[in-house]
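# Understanding the architecture of this molecule
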Amino acid sequence: MVRHSLLRGLAFGLGLAPFAAAQVVVNTNIATSTTWTANNVYALSGDIYVLPGATLTIEAGTVVASLNDSTLAVCRGAQIIANGTRTAPIIFTSDNDRATWTGGNPATGTFRQNANNEWGNLTIMGAGFISENQVGTNTPAPSASNYADMEGLSPANTSLNDYGGGNDNDDSGSLSYVSLRYGGRTSAPNIELNGLSLGGIGRNTEINYIEILNNLDDGIE
C-alpha cells in the first residue's frame, strides 16, 4: 500500500447535492471519540484540539466552515478519520466561502482569487522519529527523545503542540478526498500555519487525494 501519497488526484469532483445543514459551533477540545456528520456544518471557534486517546471521525460530504483564526489540531496519540469520496469530499473552509454557495452546495461557490487567511488550518502531529534542532536537548540524529513544537500553534498547554517520538509505525488516522480552502495564519514573522501541517506522523497514517486552495502560506508542510 502506498502511504503519504499527497496531492494525488487534486481535481476531484464536487457533485454534491444541496445541503440542508444545521450549523454546529465547536468551541471546546475533543476529549472523547466523536463523529461529525454530513447533515451538519461545523464551525470551529478558536483552536480546537483532538486530545490524546480521542478519535475524530468525519463523514464523507461534511463541511467544516469557520471564521477567524480557528484551527483543528490533532495531537500525538489522537486520530482523525476523514475519508470523503470523489463526489462527496470533506471540505474545510471559511464561512465567507460558504456564503457564496447556492443552496449550500459547494459546487456552486464563487472562486475568490485573492482570498485567504479566513480561518486557520488542519494540523496533525505524530510520534515518529524526527531530527530537529528547535529544542536544545535534541540530537542531530533521529532519536526517540527528540521533539518539536508545531509551527504556528500556541495553546495554553504547550505540550499539546509537540510532535516526534520513537514510533515510526505511529497511526494518526487517515485522510482522503479532503479539500482545505482559504486558510492559513501568521502568528509571527516567518511563523505560519500551512494548509495542512504535518509533524512526525508515522507510516501507518494514510493521506491521499488532498486539495489545498488559496492558502496564506505553504500548501503542505
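The present account deals with the structure reproduced in this document. (Residues numbered from 1 in each chain as written. Predicted model: local features only at pLDDT ≥ 70, side-chain atom pairs only at ≥ 80, totals over all residues. Heavy atoms only, no water.)

### So, the overall build of the protein chain
Looking only at helices and strands, the protein chain has 1 helix and 17 strands in total. Buried positions account for 49% of the 221 residues belonging to the protein chain. Contacts in the protein chain between residues at least 24 apart in sequence constitute 68% of all its contacts with a sequence separation of at least 6. Looking at the protein chain as shown, the accessible area adds up to about 9,400 Å², and 50% of this sits on carbon and sulfur atoms. (Helix = DSSP H or I, 4+ residues; strand = E, 2+ residues; numbered from the N terminus. Buried < 20%, exposed > 50% of the residue type's maximum accessible area, 1.4 Å probe, protein only. Contact = heavy atoms within 4.5 Å. Areas by Shrake-Rupley, 256 points an atom, 1.4 Å probe, with all protein chains shown as cover.)

### Focus: the environment of Cys-75
With respect to the secondary-structure elements, Cys-75 resides in the loop between strand 7 (72-74) and strand 8 (79-83). For Cys-75, a relative accessible area of 2% gives the class buried. Separated by 25 residues in the primary sequence, Cys-75 and Val-50 have C-alpha atoms spaced 5.9 Å apart.

### Some points on the nonpolar core
Ranked by internal contacts, the top residues of the largest apolar core, which has 29 residues, are Trp-36, Leu-72, Ile-80, Phe-92, Ile-124 and Leu-175. In terms of nonpolar packing, the next biggest core, distinct from the first, is built from 12 residues, Leu-51, Cys-75, Tyr-163 and Leu-193 among them. (Core = buried A, V, L, I, M, F, W, Y, C linked by side-chain atoms within 4.5 Å.)

### Some words on the sheet that holds strand 16 (residues 196-199)
Either a parallel or an antiparallel arrangement is found when strands of a sheet pair, and the pairing is made through backbone hydrogen bonds. Overall, parallel pairing links the 4 strands, which are arranged 4-7-10-16 in an open sheet. Sheet topology places strand 4 (48-50) and strand 16 at the edges, where each strand pairs with a single neighbour. Along the sheet, successive strands turn relative to each other by an average axial angle of 15°, direction set aside. Summarising the sheet, strand 4 and strand 7 pair through 3 bridges and their orientation is parallel. Paired with Tyr-49 across the strands is Ala-73, a residue of strand 7. (Pairing = 2+ DSSP bridges. Axes fitted to C-alpha atoms, helices over the stretch in contact; angles between N-to-C directions.)

### Observations concerning the packing of aromatic side chains
As enumerated under the stated definition, the model contains 3 aromatic pairs in all. Judged by centre distance (4.7 Å) and plane angle (10°), the rings of Trp-36 and Tyr-42 are stacked. Since its relative accessible area comes to 4%, Trp-36 is described here as buried. Classification of Tyr-42 as buried rests on a relative accessible area of 5%. Geometrically, the ring pair formed by Phe-92 and Trp-119 is stacked, given 6.1 Å between the ring centres and 15° between the ring planes. Of this pair, Phe-92 sits in strand 9 (residues 90-94) while Trp-119 sits in the loop between helix 1 (95-98) and strand 10 (122-125), placing them 27 residues apart in sequence. Considered together, Phe-92 and Trp-119 belong to a single accessibility category, that of buried residues. Directly above the ring of Tyr-182 sits Arg-112, whose terminal nitrogen or CZ lies 4.3 Å from the centroid. (Phe/Tyr/Trp six-rings, centres within 6.5 Å; stacked < 30°, edge-to-face > 60°. Lys NZ or Arg CZ within 6 Å of the ring centre and 35° of its normal.)

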